[in-house]
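Residue-level structure breakdown
Listed below are the residues making up each chain.
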Amino acid sequence: MIADFTQATVSALSVGSMYALIALGVTLIYATTNIINFAQGEFVMLGGMIMVTLYGELNWPLYMAIPLTLVITTLVGMALMKVAYQPGRSTSLITILIITIGASMAISGTAQHIWDADIHRFPPFSGDAPISFLGAAIVPQSLWIVGLTVVVVGALVLFFQFSIYGKAMKACSIDRGAASMLGIRVSAMVMASFGLSAALGCVAGIVMTPMTMIDYSGGMLLAIKGFSAAMLGGMGSFVGAVIGGLLFAFLEAFTSAYISSSYKELVTFIVIINVLLFMPRGLMGPRTVEGFDDDEVLGQ
Amino acid sequence: MFDTYMKDMNRLVWLPVSAGVLALPLLLGDGYYLNVLNFIALYSMIAIGLCLLIGYCGQLSISHSAFFAIGAYSSAILSLRFGFHPFVAILISQLISAVLALGIGSVVLRLKGHYLAIATLSFTIIVEVIIVEAAWVTGGLQGLSGIPPLSLGSMELDTDLGVYYVVWPVLLLLLLFALNLIDSRFGRVIKGIRENEDVMRLFGVGVYGYKVKVFVLSSVYASIAGSLYAHFIGFVSPSAASLSFAIDIIMVLAFGGFNLIWGAMLGAAAITYLTEYLTDFADFKRVAFGVALVVVMIIFPSGLLPGLQRWLKAGRRAPTGAQR
C-alpha cells in the first residue's frame, strides 16, 4: 500500500517535472506574444532524438552532447519565431494557431526522415539499477529529472528576478507597447522567449527520453499536455506552470495507480475541460482572461 | 452588390455542377476513380461543415474528427448489433450526434479563441480514449468490421458506383443548404459574429445561441460523413477520431479557403488526389503538408484558393464577403 503510494508519487514527480518544463515553455511564449504554440512538443522530441544520436549512438560525453542539443533546438525555436510571429500584420488567432500546427507537422516529418519511424531511447545517465526507497523501486534517472528541473526552474526565477534581460522580457509580457516605448527591443525579446522556450522543452526531452522513450510523432500529445498543465496553473503564470505540471502528473499517476492506466487521459482531460469552464484563470492566472466572454467571468 | 451577385452565381453554378456530377459515371463508366471521388465527397462534407464554423463563424474547433467518429461508430453499432437498416441507422446516428453536439457545444462555446481550441481538442482526445477502451461495444483498437453496406430494398449498394449515387447527391444537398444558409439572415449574423462579437451583441443578437447552432450544424455535417463512411468502407477504427485526421480536414480548408464553401470541395479534391495518386509522395506527406500549411497560412491567411483568386484579380477592390 505504502509502496504503491510511493511508487505513484515518484513517477508523478518525474513526469510532472517534464510537464512543468513544457508548460513553462508554453506559458513563456504566451506571455510575450499571446501565441499558443502547438509545436512546443516538437522541441521535446528534438531534444530526445538529437541526444539519441549524439549520446546514444556516437557516444559523446554528456557535457558535449547536452550543450549541442540545446543549441540546435534553440535555433529551431528561433526559426519558428520567424514564421509564427509577424508584428504589424493583422493575422487572426486562428491563422497563427494553424501556422504552429503546420510547423509541428513539418518538424516531426523532418525528424521522421532524419531518424526513422521507430521508438528510440538512450541509456540513462547513471545506470539502470533501481534504488529501493520505502518499498518502491526508484530509477536513478528520476532523480536526474527532478534535480535538473529544480535547477532549471531556479535559474529561470533568478533570470527573471535579477537580470536586465529577464526584467525586459517580463516587461514585454506585461505590455508590449509600453515596453517598446521604454526602449526595449520587443522583437529581440520575443525571439529570446522562443529560444528559451525551445531550450526548456529540449531539457525535458533530454532528461525524460531514457525513461519514456520517444518517436518522431510523440510531440503533439506532449504539447497538448503542456497546454493543459499551463492552463490548469493559469496561462501566463510561471509559478502556475510548474504547479499545473505537477498537479497534472499527480492526477495521471494516481488515476493509473488506483483506477486504471487506460483511463488516465480520460480523467485528466475531463478535469481540463472543467478547469477551462469554471476556473478559466487557472490556479495562478492573471486577473483578466481573454478566453472567456466578459460577462461570464465572475467578479468583473 | 457582390453578395447578391454571389447568391445568384451560387445557384446558377450549383445546377450544372450537380448535373455534371450525376452524369459523370454515365460518361466515364465504372472505375477506381469513383472510389477516390467517394472519398472526396466524404471529406468535402466535413470540410463544408467546418467551413461554416471556422470560416463563417470564426470559432476554431478541433472536434470534427470526434463527431466523424461518433457518426461512424453509432451507425456501425446500430446496424451491426441492433440490426437496424443502414439508412435508419444513419438517421438515428445524426440524432445522437446532434444531441451530443448540443451538449458539448453549449458547454465549450462559452469559451473563445485558444481556450475553445484546447477544450474541443480535449473532447476529441476523450472520444478517442473512450472508443479504444470501451472495447465491448466499439471493438477497441481492432475496430468494427463487417458493417452492412447501404441497401435499397433487396439491392445492396456495395459497389463504388452504388455508393457514388448516395454520397454525391447527399453532398450536393448539403452544399446547397450551406450556400443558402450563408446568404440568409442566419448567415449574415454568423459572419457578423466572426467580425465583431461585441457589435453583434449591441445589435441585440444572441451570440451564444448562434454559435451553438452553428456548432451543432457543423458537427452533424461531420457525423453524416462518418456514418456514410462506415457503410461505404464496412470498417471503422479509432483512427477516425484521431487528431491527425482533424488536422487533415483543417488542411483541406487551408487549401480551399476558410470562407469559401465551394473551395472546401476543391481543397478536399486536392488533398485526396495528392495522398491517393502520388504514392512516391507518401513518405514526404507529413513534411510537405506541414510546410505547405505554414507557407499558405503566411501568404494567404484566408486560404490558398481565395488567396490566388484575389491575387489574380489584384487591383480590383477586395470583395466584401472576404475576410482580411
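Residues numbered from 1 in each chain as written. Chains lettered and ligands numbered in written order. Predicted model: local features only at pLDDT ≥ 70, side-chain atom pairs only at ≥ 80, totals over all residues. Heavy atoms only, no water.

1. What to know about the overall build of chain A
For clarity, the cut-off: Numbered from the N terminus, helices here are DSSP runs of H or I no shorter than four residues, and strands are runs of E no shorter than two. Values of the radius of gyration come from C-alpha atoms, whereas the globule rule sets the reference at 2.2 Å times the count of residues to the power 0.38. Working rule for contacts: check all heavy atoms of both residues, and any pair within 4.5 Å makes them a contact. Under the counting rule used here, the positive set is Lys and Arg, the negative set is Asp and Glu, and His together with the chain ends is not counted. To locate a charge, take atom NZ for lysine, CZ for arginine, CG for aspartate or CD for glutamate.
Counting its regular elements, chain A contains eleven helices and two strands. Shown N-terminal to C-terminal, the secondary structure of chain A runs as helices and strands in the order α-α-α-α-β-β-α-α-α-α-α-α-α. Taking 300 residues into account, the globule formula puts the C-alpha radius of gyration at 19 Å, and chain A, at 19 Å, falls close to it. By principal-axis analysis of the C-alpha atoms, chain A measures approximately 55 × 45 × 35 Å. Counting only contacts in chain A whose residues sit at least 6 apart along the sequence, the fraction spanning at least 24 positions is 74%. When the 11 basic and 15 acidic side-chain charges of chain A are each reduced to a single mean position, those positions are 13 Å apart.

2. Quick word on the nonpolar core
Residues and elements named next belong to chain B. Just so we agree on the cut-off: The criterion is simple. A nonpolar core is a set of buried Ala, Val, Leu, Ile, Met, Phe, Trp, Tyr and Cys residues joined through side-chain atoms within 4.5 Å. A 1.4 Å probe rolled over the protein chains alone gives each residue an accessible area, and that area as a share of the maximum for its type sets the label: buried under 20%, exposed over 50%, partly exposed in between. Note that the domain bounds were set by an automatic or database domain assignment.
Within the largest apolar cluster, 199 residues are counted, with the highest numbers of intra-cluster contacts made by Met45, Ile48, Trp168, Leu175, Leu228 and Ile261. Ranked by residues supplied to this core, first place goes to helix H2 (residues 32-56) with 17 residues. A domain-level breakdown of this core finds at least three residues from each of domain 1 (1-8 + 50-241) and domain 2 (244-279 + 286-324). When near neighbours in sequence (up to four residues on either side) are disregarded, Leu175 contacts Trp14, Ile48, Ile261, Trp262 and Met265.

3. So, the interface of chain A and chain B
Convention followed: Note: buried area is the sum, over both parts, of the accessible area (probe 1.4 Å) each one loses when the two are combined. The salt bridge criterion pairs a side-chain nitrogen of Lys or Arg with a carboxyl oxygen of Asp or Glu, the two atoms within 4 Å. In protein, a polar contact means a hydrogen-donor-capable atom and an acceptor-capable atom, both N or O and within 3.5 Å, with residues adjacent in sequence counting only if both atoms are side-chain atoms; elsewhere, any N or O pair within 3.5 Å suffices.
If you look at the interface, chain A gives 50 residues, while chain B gives 43 residues. A combined buried area of about 4,300 Å² lies between chain A and chain B, and 74% of that area is made up of carbon and sulfur atoms. Joining chain A to chain B, the criterion identifies zero salt bridges. At the boundary of chain A with chain B, the tally comes to two residue pairs in polar contact (both at pLDDT 80 or more). Listed by contribution, the elements that provide at least two residues to the side of chain A that touches chain B are helix H4 (93-114), helix H9 (219-233) and helix H11 (264-278) of chain A. Here the side of chain A that touches chain B gets 16 residues from one element, more than from any other, and that element is H4(A).

4. With respect to the side chain of B:Ser151
All names here are of chain B. Relative to the helices and strands, Ser151 resides in strand S2 (residues 151-152). You can call Ser151 buried: its relative accessible area is 10%. If sequence neighbours within four positions are ignored, Ser151 has contacts with His85, Pro86, Phe87, Glu156 and Leu157.

5. Here's the deal with the pattern of salt bridges
All names here are of chain B. Going through the model one piece at a time under the given rule, you end up with seven salt bridges over all chains. Between Arg201 and Glu197 there is a salt bridge whose closest N-O contact spans 3.3 Å. You can see Arg201 and its partner Glu197 sitting in helix H9 (residues 197-202), four residues apart, about one turn around the helix. Put simply, Lys285 and Asp248 hold a salt bridge, and the shortest N to O gap is 3.9 Å. In this pair, Lys285 is assigned in helix H13 (residues 285-299) and Asp248 in helix H11 (residues 243-256), connecting sequence segments 37 residues apart. The class for Asp248 is partly exposed, based on a relative accessible area of 22%.

6. Focus on the packing of helix H4 (residues 86-108) of chain B against helix H10 (residues 207-233) of chain B
Residues and elements named next belong to chain B. To keep things clear, this is the line we draw: Each axis is a line fitted through C-alpha atoms, taken for helices only over the stretch in contact, and angles between the N-to-C directions span 0 to 180 degrees. Crossing handedness is defined as follows: a turn of the near helix away from the far one that is anticlockwise and smaller than a right angle gives a left-handed crossing, while the clockwise case is right-handed. The nonpolar class holds Ala, Val, Leu, Ile, Met, Phe, Trp, Tyr, Cys and Pro. Asp, Glu, Lys and Arg form the charged class, and all remaining residues, Gly among them, are polar.
Direction vectors running N to C along H4 and H10 enclose 150°, while the axes themselves pass 8 Å from each other. With respect to the hand of their crossing, H4 and H10 are arranged in right-handed fashion. Within the contact of H4 with H10, the residues separate by chemical class into 15 nonpolar, nine polar and no charged.

7. A few points about the environment of B:Ser122
Residues and elements named next belong to chain B. Along the chain, Ser122 falls in helix H5 (residues 113-133). You can call Ser122 buried: its relative accessible area is 0%. Separated by 60 residues in sequence, Ser122 and Ile62 have C-alpha atoms that sit 8.8 Å apart.

8. Here we look at a nonpolar patch on the surface
All names here are of chain A. Worth spelling out the cut-off: Each patch is built from residues that are more than 30% exposed by relative accessible area and take part in no salt bridge. Like charges join if they lie within 9 Å; nonpolar side chains (Val, Leu, Ile, Met, Phe, Trp, Tyr) join within 5 Å. The protein chains shown are the only cover counted for residues, whose accessible areas, like all others here, come from Shrake-Rupley with a 1.4 Å probe.
A surface patch of nonpolar side chains, amounting to about 630 Å² of accessible area, comprises Val239, Ile243, Leu247, Phe278, Met279, Leu283 and Met284. In terms of residue count, the dominant contributor to the nonpolar patch is helix H10 (residues 238-258) (three residues). For Ile243, the position within the fold is in helix H10. Relative accessible area serves as the criterion here: at 31%, Ile243 is assigned to the partly exposed category.

9. Details of the confidence of the model for chain A
For residues with low pLDDT, the predicted coordinates do not support detailed interpretation. Rule in force here: The score called pLDDT rates the predictor's confidence residue by residue, from a low of 0 to a high of 100.
Here chain A averages 84 in pLDDT, while 93% of its residues score no lower than 70. Looking over chain A, one finds the lowest element-wise mean pLDDT in strand S1 (residues 131-133) of chain A, namely 76, and the highest in helix H2 (residues 40-57) of chain A, namely 91.

10. Remarks on the side chain of B:Thr120
Residue and element names in this part refer to chain B. On the secondary structure map, Thr120 appears in helix H5. Of note is the side chain of Thr120, whose polar atom sits 2.9 Å from the backbone oxygen of Ala117. Apart from residues lying up to four places away in sequence, Thr120 is in contact with Leu60, Ser61, Ile62, Ser63, Val108 and Phe215.

11. So, the domain arrangement of chain B
All names here are of chain B. Its domain assignment divides chain B into domain 1 (1-8 + 50-241) and domain 2 (244-279 + 286-324). Taking only C-alpha atoms into account, the centre of domain 1 sits 21 Å from that of domain 2. If you look at the interface, domain 1 gives 22 residues, while domain 2 gives 17 residues. With both sides pooled, the region where domain 1 packs onto domain 2 buries about 1,700 Å², and carbon together with sulfur makes up 79% of that total. Inspection of the domain 1/domain 2 interface yields zero salt bridges. Our count for the contact surface shared by domain 1 and domain 2 stands at two residue pairs in polar contact (both at pLDDT 80 or more). Elements represented by at least two residues in the side of domain 1 that touches domain 2 include exactly helix H1 (2-28), H2, helix H3 (64-81), helix H7 (160-182) and helix H8 (185-195). Class assignment for the residues of the side of domain 1 that touches domain 2 results in 15 nonpolar, four polar and three charged.

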